[in-house]
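Fold and contact review
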Amino acid sequence: MLNRHLHRWNLGVLGLVYCLGFGPANGATTVTLQPDSSGTSNADAFVTTGPSDIYVGVNYGGAGALAVSASSAKGTFETLLRVDVSTAVATFDATYGAGQWQVDSVSLKLSSLEPNNPLFNGPNTAGQFSISWFDNDGWVEGTGGTNSATTTGIKWSEVAALTAAAESQGVFNYTGTGLAEYALNPSAGLLADILAGGPLGLYLQPADSSMSATFGSRSNASNRPALIVTASAIPEPTRVMLVLAGVLACASCRRRPGVAGSPALHPQNHCGDHAAG
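Predicted model only: the values in this text are computed from it and were never measured.

About the thresholds
- Residues numbered from 1 in each chain as written.
- Predicted model: local features only at pLDDT ≥ 70, side-chain atom pairs only at ≥ 80, totals over all residues.
- Heavy atoms only, no water.
- Helix = DSSP H or I, 4+ residues; strand = E, 2+ residues; numbered from the N terminus.
- Buried < 20%, exposed > 50% of the residue type's maximum accessible area, 1.4 Å probe, protein only.
- Contact = heavy atoms within 4.5 Å.
- Areas by Shrake-Rupley, 256 points an atom, 1.4 Å probe, with all protein chains shown as cover.
- Phe/Tyr/Trp six-rings, centres within 6.5 Å; stacked < 30°, edge-to-face > 60°.
- Pairing = 2+ DSSP bridges.
- Axes fitted to C-alpha atoms, helices over the stretch in contact; angles between N-to-C directions.
- pLDDT = per-residue confidence, 0-100.
- Core = buried A, V, L, I, M, F, W, Y, C linked by side-chain atoms within 4.5 Å.

Time to look at the overall build of the protein. In terms of regular secondary structure, the protein is built from 5 helices and 13 strands. Burial status across the protein gives 44% buried among its 277 residues. Within the protein, residue pairs in contact and separated by at least 24 positions form 80% of the contacts whose partners lie at least 6 positions apart. Per element, the accessible surface of the protein, about 13,500 Å² overall, is 56% carbon and sulfur.

For the rest of this paragraph, the subject is the packing of aromatic side chains. What the rule picks out here adds up to 11 aromatic pairs. An angle of 40° between the planes, with centres 6.0 Å apart, marks the rings of Phe-129 and Phe-172 as tilted. With a gap of 43 residues between them, Phe-129 in strand β6 (residues 127-134) and Phe-172 in strand β7 (residues 167-174) connect regions that are remote in the sequence. Each of the two residues, Phe-129 as well as Phe-172, counts as buried. For the ring pair Phe-129 and Phe-215, a centre distance of 6.3 Å and an interplane angle of 50° mean the geometry is tilted. Taken together, the residues Phe-129 in strand β6 and Phe-215 in strand β10 (residues 212-216) connect sequence positions 86 residues apart. The residues Phe-129 and Phe-215 share a single accessibility class, namely buried.

With that settled, the discussion passes to the environment of Gly-153. Looking at the secondary structure, you find Gly-153 in the loop between β6 and α3 (156-162). Among the residues examined, Gly-153 registers a relative accessible area of 11% and is labelled buried. Remark: the alpha-carbon pair of Gly-153 and Ala-45, spanning 108 residues in sequence, is separated by 9.3 Å. Sequence-distant contacts of Gly-153, that is, excluding residues within four places in its chain, are made with Asn-59, Val-140, Gly-142 and Glu-158.

As a further point, take the sheet that holds strand β5 (residues 101-111). Strand order in this open sheet of 4 strands is β1-β11-β5-β8, and the pairing throughout is antiparallel. Here the strands that pair on one side only, and so sit at the sheet edges, are β1 (29-33) and β8 (179-183). Taking the axes of each pair of neighbouring strands and ignoring which way they run, one obtains an average angle of 25° across the sheet. Note: β1 against strand β11 (residues 226-233), 5 bridges, orientation antiparallel. Its bridge partner lying in β11, Leu-33 is registered against Leu-227. Each of β5 and β11 touches helix α4 (residues 188-196); the most contacted strand, β5, lies at about 105° to it.

Next up on the list: the confidence of the model for the protein. Overall, the prediction assigns the protein a mean pLDDT of 85, with 76% of residues at 70 or greater. Low pLDDT, under 50, characterises residues 9-25; the stretch is placed with 23 contacts to residues that sit more than four places away or in other chains. The low-confidence segment residues 258-277 (pLDDT under 50) makes 38 contacts with residues lying over four places distant or belonging to another chain.

Most of strand β2 (residues 43-48) is tucked away, with 6 of its 6 residues classed as buried. Of the two faces of β2, both are covered, the one formed by Ala-43, Ala-45 and Val-47 as well as the one formed by Asp-44, Phe-46 and Thr-48. For β2 and strand β4 (residues 77-84), the ladder comprises 6 bridges, and the chain directions are antiparallel. The residue of β4 that forms the bridge with Ala-45 is Leu-80.

Phe-129, Ile-131, Leu-202, Leu-204 and Leu-227 are the most contacted members of the largest nonpolar core, which totals 35 residues. Considering each element in turn, this core owes the most residues, 5 residues, to β5. Setting aside residues no more than four positions away along its own chain, Ile-131 makes contact with Leu-108, Ser-168, Gln-169, Gly-170, Phe-172, Tyr-182, Leu-184, Leu-202, Tyr-203 and Leu-204. One finds Ala-43, Val-47, Phe-134 and Val-159 within the second-largest nonpolar core, a separate group that totals 10 residues.

As structure tokens, this is what we get:
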């Protein structure tokens, strides 16, 4: 009889161990979104004040680079990106089932480029910058170049209104060179955008008084930005039930001291056995 109850105890412990993460787990899936220059569902562009605010009303969406820079003699630079996440959602739906997955992590990968035009602040300088999510996806990338700015498309004078309700995804250290991946702290708005499978907007700003960065844009074939999303299956309710079953199995097999005229160990009556005596 004791062996039988020890067996039940072991089953209960095994159930708890399984549910605490030592049993089989659903694997995660990572999708890298690295849009090229085709189409308009994706977009990226920098905006700048220019010296003495002379460029607040012009567009540089076709410049081939992105810029984030603290205020200097050449002005302040900020960057906006729009990434269509529908491909990632389709992959997760196919892998786990529609509505059966959750976002585990989101990161943004950027490649530093040395400024090659006098428009930019340079050289690249280490410092901090921020990344925010914003929900206005109606802005136009535009075609303005570093030497041929236009007035059609996103410009500095429009950014404040577009990003008024932006949600911070974190402040990050920029080293000044190379390729770097920045792990975001996903806000509710960003996660909702991913789950909806539509365009996702990101807003990059300098976060100190000295940083200056030039990055490749989506039109730069070898240095395009990339949004990296990892998701996994939502834990199944059966695991919760197994936890409860394990707890109940453990509780039902508690032993109590023997009484006079009875064996030393007795199962509780709710284990299904009757005490001898």
